[in-house]
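As a plain string of letters, each chain reads:
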Amino acid sequence: MVDCVFCRIVRGELPSVKLFEDDKVIAIKDINPQAPFHALVISKKHIESILEVEDGELIAHIFRVIKFLANKYNLAKKGFRVVNNCGHDGGQTIYHLHFHLMGGRPMDWPPG
Ligand code: AMP
Ligand code: ZN
């Protein structure tokens, strides 16, 4: 059993505000939101980063869930941002595959 924060959330051992769940992923509210809407779409399987992904269908599935959430939470019309931080320089802090979905404000470019 992997002892990482997102594995523990997936197993229900840590609390989270769940926005979506199916057999492959969960989507939760980020505990430290950087936008009025900030969700994380997290694979149920412990995969350290996109570098370890072997199943391209999983990424396609995550993006279908992102599209579903963007529509459900009314982000689609004004726009939103999807982020994956990979590795040290990418700013990844939790080494369990997840994508950020942020919206509800205009985003800056380039990000910090
Ligand atoms: P990253 O830096 O891309 O690895 O993103 C990790 C994200 O997980 C950060 O935005 C954190 O705020 C968020 N986070 C950390 N712990 C929790 C938690 N227990 N519940 C929800 N989000 C969390
Ligand atoms: Zn994990």
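Residues numbered from 1 in each chain as written. Chains lettered and ligands numbered in written order. Predicted model: local features only at pLDDT ≥ 70, side-chain atom pairs only at ≥ 80, totals over all residues. Heavy atoms only, no water.

Student: Which residues make up the sheet that holds strand β4 (residues 80–83), and what values do they have?
Tutor: Reading across the sheet, the five strands line up as β1-β2-β3-β5-β4 and stay open at both edges, with antiparallel pairing between neighbours. Pairing within the sheet leaves two strands with one partner each, and these edge strands are β1 (18–21) and β4. Taking the axes of each pair of neighbouring strands and ignoring which way they run, one obtains an average angle of 15° across the sheet. Looking at chain direction, strand β2 (residues 25–29) and strand β3 (residues 37–43) are connected through five bridges and run antiparallel. Each bridged residue has a counterpart across the sheet, and for Ile26 the counterpart in β3 is Ile42. (Pairing = 2+ DSSP bridges. Helix = DSSP H or I, 4+ residues; strand = E, 2+ residues; numbered from the N terminus. Axes fitted to C-alpha atoms, helices over the stretch in contact; angles between N-to-C directions.)

Student: I'd like to hear about the site of ligand 1, residue by residue, with values.
Tutor: Around ligand 1, the surrounding shell holds 16 residues, and the nearest of these are Asp30, Asn85, Thr93, Ile94 and His100. Within the contact set of ligand 1, an oxygen atom lies 3.1 Å away from a backbone nitrogen or oxygen of Gly91. In isolation ligand 1 has 510 Å² of accessible area, and contact with the protein removes 84% of it. Those elements that place two or more of their residues in the shell around ligand 1 are α1 (5–10), β2 and β5 (98–103). A total of three residues in the shell around ligand 1 trace back to one element, the largest contributor, which is α1. Among the residues forming the shell around ligand 1, the class breakdown is seven nonpolar, seven polar and two charged. (Near = heavy atom within 4 Å. Polar contact = N/O pair within 3.5 Å; in protein donor to acceptor, adjacent residues only side chain to side chain. Areas by Shrake-Rupley, 256 points an atom, 1.4 Å probe, with all protein chains shown as cover. Nonpolar A, V, L, I, M, F, W, Y, C, P; charged D, E, K, R; others polar.)

Student: Account for the coordination of the zinc ion (ligand 2), naming residues and giving values.
Tutor: Distances from the zinc ion (ligand 2) to its protein donors, Cys4 (SG), Cys7 (SG), His46 (ND1) and His96 (ND1), fall at 2.0 to 2.3 Å. Counting along the primary sequence, the residues that act as donors to the zinc ion (ligand 2) give the motif C-x2-C-x38-H-x49-H. Its relative accessible area of 6% is what places Cys7 among the buried residues. (Donors = N, O, S within 2.8 Å, 3.2 Å for Na, K, Ca; no water. Buried < 20%, exposed > 50% of the residue type's maximum accessible area, 1.4 Å probe, protein only.)

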